[in-house]
Amino acid sequence: EALDKIYDYIRALTFYNGAYTYINGIEVRILETRITSMSMWPKETDLYKQRFYIGAGDHRAVEILTVKPVGKKEMSAADFINGLKNKTDKIEVTD
């Protein structure tokens, strides 16, 4: 999907528990994002200076700011990813 469409979808669903995806097999609600100027492949992930980015269909990236893993409290994406890094080096995003 194009980045603008993904960004608008996430914003629209924030009031209804957020959009969701699976990160390393964990269902995660995405609550806050920001459009960036980074160029990335679709579903490519990148961690840079405690920030988490996911590529969109138009080779642009969205920064994930706030997430809520199922059964846990809302947290920054950096805190969530830091918790994953103790378990695996690879971060995989799936539908």
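Rules of the game
Residues numbered from 1 in each chain as written. Predicted model: local features only at pLDDT ≥ 70, side-chain atom pairs only at ≥ 80, totals over all residues. Heavy atoms only, no water. Buried < 20%, exposed > 50% of the residue type's maximum accessible area, 1.4 Å probe, protein only. Helix = DSSP H or I, 4+ residues; strand = E, 2+ residues; numbered from the N terminus. Pairing = 2+ DSSP bridges.

> Explain the pairing of strand β5 (residues 60–69) to me, please; I cannot follow it from the model alone.
As a general feature of sheets, a regular strand has side chains that alternate between the two faces. Of all 10 residues in β5, 7 are buried, a share of seventy percent or more. Here strand β2 (residues 26–39) runs beside β5; their pairing, made up of 8 bridges, is antiparallel. What sits directly across from Thr33, in β5, is Ile64. Judged from the 4 bridges that link them, strand β4 (residues 51–55) and β5 form a sheet pairing that is antiparallel. Within the sheet, the bridge partner assigned to Tyr53 lies in β5 and is Glu63. Following β4, the chain reverses through 4 residues before pairing antiparallel with β5; His59 in that reversal takes a positive phi of roughly 65°. Relative to strand β6 (residues 75–76), β5 is paired through 2 bridges, and the arrangement is antiparallel. Its bridge partner being in β6, Val67 is matched across the sheet by Met75. Here β5 folds back onto β6 in antiparallel fashion, the turn holding 5 residues, of which Gly71 has a positive phi close to 80°.

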